[in-house]
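Single-letter residue listing:
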Amino acid sequence: MQEFEPRIVAFLCNWCTYTGADLAGTSRLQYPPNIRIVRLMCTGAVDTIYVLKALIEGADGVLIGGCHPGDCHYQTGNYKARRRITILKKILNRFGYDEDRIWLRWISASEGKLFADTTAQMVEELKDKGPNPIKQLWMV
């Protein structure tokens, strides 16, 4: 039997986390290939519908990465994202869904190693959790 490999969709801020991911690549830092990146101008543009759609379509986890609080290129985008994701996690928790499949992390453009470490940690934790239960409900 083949070992479970989680699929992760990452919504990354163009100005910080996406650039940090690029730095990880150009620095030749190793991180798992399980991640599919969607570049957005700001994490404030991440609608909760995007996160839910990724989970329903089969992602085992979602990573939202943005600028550190107070450093947002658009001033308040990361605060908006934090509020939205906090509310989404509370709603999902009420339905019995594991909110730890959704990660919100602040990774700046100069933190390529942190990006690589974060993705590696997320893959390992999702391997322990197993496949996304929503995927199995929708595939029936």
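Residues numbered from 1 in each chain as written. Predicted model: local features only at pLDDT ≥ 70, side-chain atom pairs only at ≥ 80, totals over all residues. Heavy atoms only, no water.

1. Comments concerning the overall build of the protein chain
And then number 1: Each helix and strand counted, the protein chain has five helices and four strands in total.
And then number 2: For the protein chain, the succession of helices and strands along the chain, N to C, is β-α-β-α-β-α-β-α-α.
And then number 3: A globule of 140 residues ought to have a C-alpha radius of gyration of about 14 Å, and the protein chain, at 15 Å, matches this closely.
And then number 4: Dimensions of the protein chain along its principal axes, counting C-alpha atoms only, are 40 × 35 × 20 Å.
And then number 5: Relative to its full complement of 140 residues, the protein chain shows a buried share of 44%.
And then number 6: Of all intrachain contacts in the protein chain linking residues separated by at least 6 positions in sequence, the fraction that spans at least 24 positions is 79%.
And then number 7: In the protein chain, 18 side chains carry a positive charge and 15 a negative one; their mean positions are 6 Å apart. (Helix = DSSP H or I, 4+ residues; strand = E, 2+ residues; numbered from the N terminus. Rg over C-alpha atoms; globule rule 2.2 N^0.38 Å. Buried < 20%, exposed > 50% of the residue type's maximum accessible area, 1.4 Å probe, protein only. Contact = heavy atoms within 4.5 Å. Lys, Arg positive; Asp, Glu negative; His and termini not counted. Charge placed at Lys NZ, Arg CZ, Asp CG, Glu CD.)

2. Overview of the packing of aromatic side chains
And then number 1: Within this structure, the stated rule accounts for two aromatic pairs.
And then number 2: Ring geometry for tyrosine 31 versus phenylalanine 115: centroids 5.2 Å apart, planes at 85 degrees, classification edge-to-face. On the criterion of sequence distance, the pair formed by tyrosine 31 in the loop between helix 1 (17-26) and strand 2 (35-40) and phenylalanine 115 in helix 4 (residues 112-129) is long-range, its members being 84 residues apart.
And then number 3: The cationic tip of arginine 39 hangs over the ring face of tyrosine 18; the distance from NZ or CZ to the ring centre is 4.5 Å. (Phe/Tyr/Trp six-rings, centres within 6.5 Å; stacked < 30°, edge-to-face > 60°. Lys NZ or Arg CZ within 6 Å of the ring centre and 35° of its normal.)

3. A look at the pairing of strand 1 (residues 8-13)
In the case of a regular strand, side chains alternate between the two sheet surfaces.
And then number 1: Of all six residues making up strand 1, six are buried, and the element is well covered by its neighbours.
And then number 2: Going residue by residue along strand 1, you find Ile8, Ala10 and Leu12 tucked away on one face and Val9, Phe11 and Cys13 tucked away on the opposite face as well.
And then number 3: Sheet topology places strand 1 next to strand 2; six bridges connect them, and they run parallel. In the strand pairing of strand 2, alanine 10 is matched with isoleucine 37.
And then number 4: At this point the chain moves from strand 1, through helix 1, to the parallel strand 2, and the crossover so formed is right-handed. (Pairing = 2+ DSSP bridges. Right-handed = clockwise from strand over helix to strand, strands pointing away.)

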